[in-house]
Amino acid sequence: MSKMKIYYLVLFMLICSQVSFANNISIANVSLTSKNTSAGADNAANFRFVQFDISWENSWRTSSAPNNWDAAWVFMKYRLNGIGDWKHANFNPGAGQTAPAGGVIDVPTDGVGAFIYRSANGSGTFSLNAAQLRWNYGFNNVLDNDVVEIKLFAIEMVYVPQGSFYLGSGGTETGSFTNGSWVSGNTIPYQITSENAINISNTAGNLWGTGTGTSAIGDPSTIAVTYPKGFAAFYCMKYEISQGQFRDFLNSLNYTQQLSLLPKAPNSLVKTGAFNTSITSRNALMIKTQGAANTIPAVYGCNLNNNSIFDETTDGEGIACNFLSWMAGAAYMDWSGLRPMTELEFEKACRGTQTAVANEYVWGNSTVNSETNVANLGDINEIPITSNSNTIYNNTSSLGGPIRVGAFANSSSDRTKSGSTFYGIMNMGDNVYESIVTVGNSAGRSFTGLHGNGSLLINGKADVDYWPGINGNSTITNSNTVSDGVTGIPNSNAAGTGLRGGNYNNTSTSYLQTSYRMYAAYTIPSGTSASIGIRGVRSAQ
């Protein structure tokens, strides 16, 4: 669980022409099989297989606690004849894939991507050769004689099984969830036992909270059955989005979309930062190739060592991507076919099915040791070397920004030493804040858990129904609604969002506690912050 990467490989005229490496999940030997054109003259159901090898380190599957596995979420973009915008490809839902021995390929009903994981218990490096995903290219309006260029992406995920769990630790965290019978002092953990609607009320047996303002749970109301509560199974990104991942996302967009999502124009000079003029708080995403206004998109790269060579192993592509506005984070979720995480799912992903421990951190106890010294700065193997350190906060390392995602985990680390959640998810209590969907106001509670479809609006914005901020909603008392198909989620409009987990700059360990909700209903302001990142989830089917 110690590293993360997103990887893509490009085929132009069906010939492998480019490989991009990041951390430790890789796809190789990509090819497209012959076309199946037997669907008829309308071409709508014509298909071919995308064949590839896939491998990643520190994989696992276990039938004992926590009874879960890790997986790769694989999805594909394509464009025709070497020109135009990249579009999202659809795989055949359910059957039709070829999973080599030892592996499972699971394509959800929307066909937006595929989960690939172990078929039996095991741990260590996991590899599959000649895996095949059926691409229904006719469904994507690709003609039989079109020349196709593709990008294949993979993101490491962790399966969080269905099951009951507790909200609130029974401690004294600011804003903590509690059973509604709570009056003062230590909270009373509230158990989630289904995806049924939940009453919010300060009466026994109902869900309540101890906070006000940005940590409030809201006035007495109801969390609808459609709001994802964490009881049902879901997949969660193993790591926060890294700078390498966000680079690859930006490099699949056109000029207008890049301009819309970033503070700095894509036609700025080479080595201008995507979020800041220069390297700030360890964010080193920069313009590698200058774009041309309204026509040619910029090419972005990582350049933490600030030389003239981009995307070297020491350029920080594994560092968590900070400065992510809700607009940019939501766009990434939509583009990748994932969705935002709710704050109830956040606590499930951290605590799992274990009995709550008062004032616990995401690794399940109250032991915390901040790192103060880091080796291999910016490298894909950047590691903390402070004895027994398991988290980063209060800038004690003098890094001045986040660390490589998953840096505390190694082959011999346990849950406490690695800073891992019950299910093996990394950095949920530190590094950068997790942008989530709150239950603290009407806007957040209107979220229904719809997934991104892989496509963005012309303006680069996410356009998924009921997502926080859709159609420019900035009023937390207004429920988010169906997308108007034009506005999407613009900057400075994030009604329904909040922040959970700690970050590298927090001055107190209390921010790192699983049930701490100081900013759980905090509407992220316009602009960006060095302390904010995001990770996506996807409901299991």
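Let me begin by describing the structure that accompanies this report.

What counts and what doesn't
Residues numbered from 1 in each chain as written. Predicted model: local features only at pLDDT ≥ 70, side-chain atom pairs only at ≥ 80, totals over all residues. Heavy atoms only, no water. Pairing = 2+ DSSP bridges. Helix = DSSP H or I, 4+ residues; strand = E, 2+ residues; numbered from the N terminus. Axes fitted to C-alpha atoms, helices over the stretch in contact; angles between N-to-C directions. Buried < 20%, exposed > 50% of the residue type's maximum accessible area, 1.4 Å probe, protein only. Core = buried A, V, L, I, M, F, W, Y, C linked by side-chain atoms within 4.5 Å. Contact = heavy atoms within 4.5 Å.

**Some words on the sheet that holds strand β3 (residues 25-32)**
(1) Moving on: Strand order in the open sheet formed by 3 strands is β3-β4-β9, and the pairing between neighbours is antiparallel. Each edge of the sheet is formed by a strand with only one pairing partner; in this case those strands are β3 and β9 (122-135). Within the sheet, the average angular offset between the axes of one strand and its neighbour, ignoring direction, is 15 degrees.
(2) Moving on: Sheet topology note: the β3/strand β4 (residues 48-61) ladder contains 6 bridges and is antiparallel. Looking at β4, one finds that Ser26 is bridged to Ser55.

**Some words on the environment of Val432**
(1) Moving on: Summarising the element assignment, Val432 is placed in the loop between α5 (415-418) and β22 (433-437).
(2) Moving on: For the pair formed by Val432 and Tyr393, sequence separation is 39 residues and the distance between their alpha carbons is 9.5 Å.

**Brief notes about the sheet that holds strand β23 (residues 497-500)**
(1) Moving on: Strands sit in the order β23-β22-β24 across an open sheet of 3 strands; the sheet is mixed. Of all the strands in the sheet, just β23 and β24 (532-533) have a single pairing partner and so form its edges.
(2) Moving on: Judged from the 4 bridges that link them, β22 and β23 form a sheet pairing that is antiparallel. Each bridged residue has a counterpart across the sheet, and for Ser435 the counterpart in β23 is Leu499.

**A short note on the pairing of strand β7 (residues 103-106)**
(1) Moving on: Burial of β7 is one-sided: the residues Gly103 and Ile105 facing one way are buried, the residues Val104 and Asp106 facing the other way are not.
(2) Moving on: Summarising the sheet, β7 and strand β8 (residues 114-118) pair through 4 bridges and their orientation is antiparallel. Each bridged residue has a counterpart across the sheet, and for Val104 the counterpart in β8 is Tyr117.

**Looking at the nonpolar core**
(1) Moving on: One finds Phe246, Phe249 and Phe275 to be the most contacted residues of the largest nonpolar core, which totals 99 residues.
(2) Moving on: Broken down by element, this core gets its largest block of residues, 8 residues, from helix α3 (residues 326-336).
(3) Moving on: With near-sequence residues (within four places) excluded, Phe249 lies in contact with Leu261, Ala331, Tyr332, Trp335 and Leu456.
(4) Moving on: By size, the runner-up hydrophobic cluster in this structure holds 29 residues, among which are Ile27, Leu32, Phe91 and Ala154.

**Some words on unusual backbone geometry**
(1) Moving on: The omega torsion across Ala65 and Pro66 is 15 degrees, close enough to zero to call that bond cis.
(2) Moving on: For Pro66, the position within the fold is in the loop between β4 and β5 (70-80).
(3) Moving on: In this structure, Asn431 is a non-glycine residue whose phi angle is positive, near 75 degrees.
(4) Moving on: Turning to its location among the elements, Asn431 is positioned in the loop between α5 and β22.

In short, geometric facts, not functional conclusions.
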